[in-house]
Every structure is written in structure tokens, then in C-alpha cells.
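Remarks on the overall topology
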Amino acid sequence: MHEVGIMEGALDMARRLMEKRGGNRLRRVHMTIGSLSGVVPEALQSAFLALKDSYAAQDAALDVAWVEAVCRCDACRADFSFTEHGYICPGCGEPALAILRGRELELTRVEWE
Ligand SMILES: [Zn+2]
């Protein structure tokens with residue numbers, strides 16, 4: 001379950017940011033996760049619940065923005081959903097080589113008090 005490692009990294013970063021700015025308790029941790037990042041939503045949430053006491057985040061909530069993967073076709077320049085079509089362009093049938101979105105794995109915002 002690599003979600004635990006991801007969550008440890010995010011909470012560690014969030015706590016350090018908070019401490020640097022003089023905060024005491026984390027209130028909300030915002031992350032952006034792409035559908036191709038390999039992260040399972042339920043596993044990420046469980047990891048957060050298991051770890052939060054160790055990171056001054058007992059009362060904190062995890063807020064995840066999930067990003068659907070989007071590909072761009074090399075041949076006709078169309079953008080399309082990876083979830084619906086995979087790598088094959090629905091317009092011209094060519095395989096897309098570029099992934100525009102979907103690999104995000106970021107700590108985007110931290111709230112504390
Ligand atoms: Zn195409």
C-alpha cells in the first residue's frame with residue numbers, strides 16, 4: 001500500500017509548513033490526485049486516518065481533488081478522456097502519446113490554527 005508513504009510525505013510537509021508559520025494544529029489538508037497516479041481513494045483516506053495523530057492533525061480533514069486523465073492525440077490534436085477511451089483517439093483512431101492530466105500527486109493547500 002504505497003498510499004501510506006504518500007500520506008506520510010504529505011503530512012510531514014504540511015506539518016513543517018504549519019510549524020514554520022507558527023501554527024499548532026492542522027485543520028485541513030488539500031491534495032490533488034490524478035487518476036493515473038496509482039493512488040486508491042479509500043486507501044489514501046485510511047492512511048490519513050491512521051497517520052493523522054502523529055502529525056498534529058487529530059482534528060484535521062483530508063480534502064482530495066481527483067483529476068480525470070486526459071490524453072492529446074498526436075495526429076489530430078484532439079483532447080480526450082483516458083478513462084473512456086484509453087490511449088486510442090476516438091476521433092481518428094491513432095494512439096495518443098501525450099498525457100495532459102492525470103498523473104498529479106500533490107499537496108496543494110494546508111490550513112491550520
Ligand atoms: Zn486523433
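Going along each chain's sequence as written, the residues are numbered from 1 onward. With pLDDT at 70 or above as the cut-off, local features in this predicted model cover only qualifying residues; side-chain atom pairs require 80 or more to be listed or tallied, and sums for whole chains, interfaces and linings still use all residues. Where side-chain values are given, they derive from all heavy atoms of the structure, hydrogens and water being excluded.

Inclusion rule: UniProt positions are given in the numbering used here, feature names are shortened, and annotations may be inferred rather than shown by experiment.
Going by the annotation in an unreviewed UniProt entry, the name recorded for the protein is Hydrogenase maturation factor HypA, with Akkermansia muciniphila given as the source organism. We quote the UniProt Sequence similarities (unreviewed entry) comment for the protein here in full: "Belongs to the HypA/HybF family."

Comments concerning the overall build of the protein
This is how it is decided: A run of H or I in DSSP counts as a helix once it spans at least four residues, and a run of E counts as a strand once it spans at least two, with each numbered from the N terminus. The size measure is the radius of gyration over C-alpha atoms, and the globule rule it meets is 2.2 Å times the number of residues to the 0.38 power. Note on exposure labels: buried denotes an accessible area under 20% of the residue type's maximum, exposed denotes more than 50%, and partly exposed covers the range between, all computed with a 1.4 Å probe on protein chains only. The contact criterion used is simple: two residues touch if any of their non-hydrogen atoms lie within 4.5 Å. In these tables, accessible area is a Shrake-Rupley quantity obtained with a 1.4 Å probe, and a residue counts as shielded only by the protein chains included in the view. By the counting rule applied here, Lys and Arg register as positive and Asp and Glu as negative, while His and the ends of each chain are not counted. Where a charge lies is defined by one atom per residue type: Lys uses NZ, Arg uses CZ, Asp uses CG and Glu uses CD.
Counting its regular elements, the protein contains three helices and six strands. In sequence order, the secondary structure elements of the protein are arranged as α-β-α-β-β-β-α-β-β. Taken over the C-alpha trace, the protein has a radius of gyration of 17 Å; the compact-globule value for 113 residues is 13 Å, which it surpasses by more than 25%. Seen through its principal axes, the protein has C-alpha atoms that stretch 55 × 25 × 15 Å. Buried residues in the protein amount to 36% of all 113 residues. The contacts of the protein with a sequence gap of at least 6 include a subset with a gap of at least 24, amounting to 70%. On the protein, roughly 6,500 Å² of surface is accessible, and the fraction owed to carbon and sulfur atoms is 49%. Looking at charge distribution, the protein has the averaged site of its 13 positive side-chain charges lying 7 Å from that of its 17 negative ones.

A closer look at the coordination of the zinc ion
What counts here: As a rule, N, O and S atoms within 2.8 Å of a metal are its donors, except that Na, K and Ca use 3.2 Å; water is not among the atoms, so sites may look incomplete. A four-donor site is classed as tetrahedral when every donor-metal-donor angle falls between 85 and 135 degrees; four donors are called square planar, and six octahedral, when trans pairs exceed 155 degrees and all remaining angles lie between 65 and 115, with any other arrangement labelled irregular.
The protein atoms that coordinate the zinc ion are Cys 73 (SG), Cys 76 (SG), Cys 89 (SG) and Cys 92 (SG), at distances spanning 2.3 to 2.4 Å. One way to put it: the four donor atoms around the zinc ion meet at angles of 102 to 118°, and that makes the site tetrahedral. If you list the donors of the zinc ion from N- to C-terminus, the spacing comes out as C-x2-C-x12-C-x2-C. For Cys 76, a relative accessible area of 38% corresponds to the partly exposed category.

Some points on the side chain of Thr 32
Tracing the backbone shows Thr 32 in strand β1 (residues 26–34). Discounting residues that sit within four places of it in the chain, Thr 32 has contacts with Ala 65, Val 67, Glu 104, Leu 105, Glu 106 and Thr 108.

Description of the packing of aromatic side chains
Going by this rule: Note on aromatic pairs: the rings of Phe, Tyr and Trp (six-membered ring only in Trp) are paired at centre separations within 6.5 Å, and the planes decide the class, stacked below 30 degrees, edge-to-face beyond 60, tilted for the rest.
Here the structure, examined in full by the defined rule, presents one aromatic pair. Their ring planes at 75° and their centres at 4.8 Å tell us that Phe 82 and Tyr 87 sit as a pair that is edge-to-face.

Re the packing of helix α1 (residues 3–20) against helix α2 (residues 41–51)
Counted only if it meets this: Helix axes use the C-alpha atoms of the stretch in contact, all axes being lines fitted to C-alpha atoms, and the angles between their N-to-C directions lie in the range 0 to 180 degrees. Working rule for angles: under 35 degrees goes down as roughly parallel, over 145 as roughly antiparallel, 65 to 115 as roughly perpendicular, anything else as oblique. Crossing handedness is defined as follows: a turn of the near helix away from the far one that is anticlockwise and smaller than a right angle gives a left-handed crossing, while the clockwise case is right-handed. Three classes are used, and their members are as follows: Ala, Val, Leu, Ile, Met, Phe, Trp, Tyr, Cys and Pro are nonpolar, Asp, Glu, Lys and Arg are charged, and the others, Gly among them, are polar.
It is the contact of α1 with α2, at a shortest axis distance of 9 Å, that shows an interaxial angle of 55°. Judged by the angle between their axes, α1 and α2 are oblique. Here α1 and α2 pass one another in a crossing that is right-handed. Here Glu 3, Val 4, Ile 6, Met 7, Glu 8 and Leu 11 of α1 come into contact with α2, specifically with Ala 43, Leu 44, Ala 47, Phe 48 and Leu 51. Grouping the constituent residues of the contact of α1 with α2 by class yields nine nonpolar, no polar and two charged.

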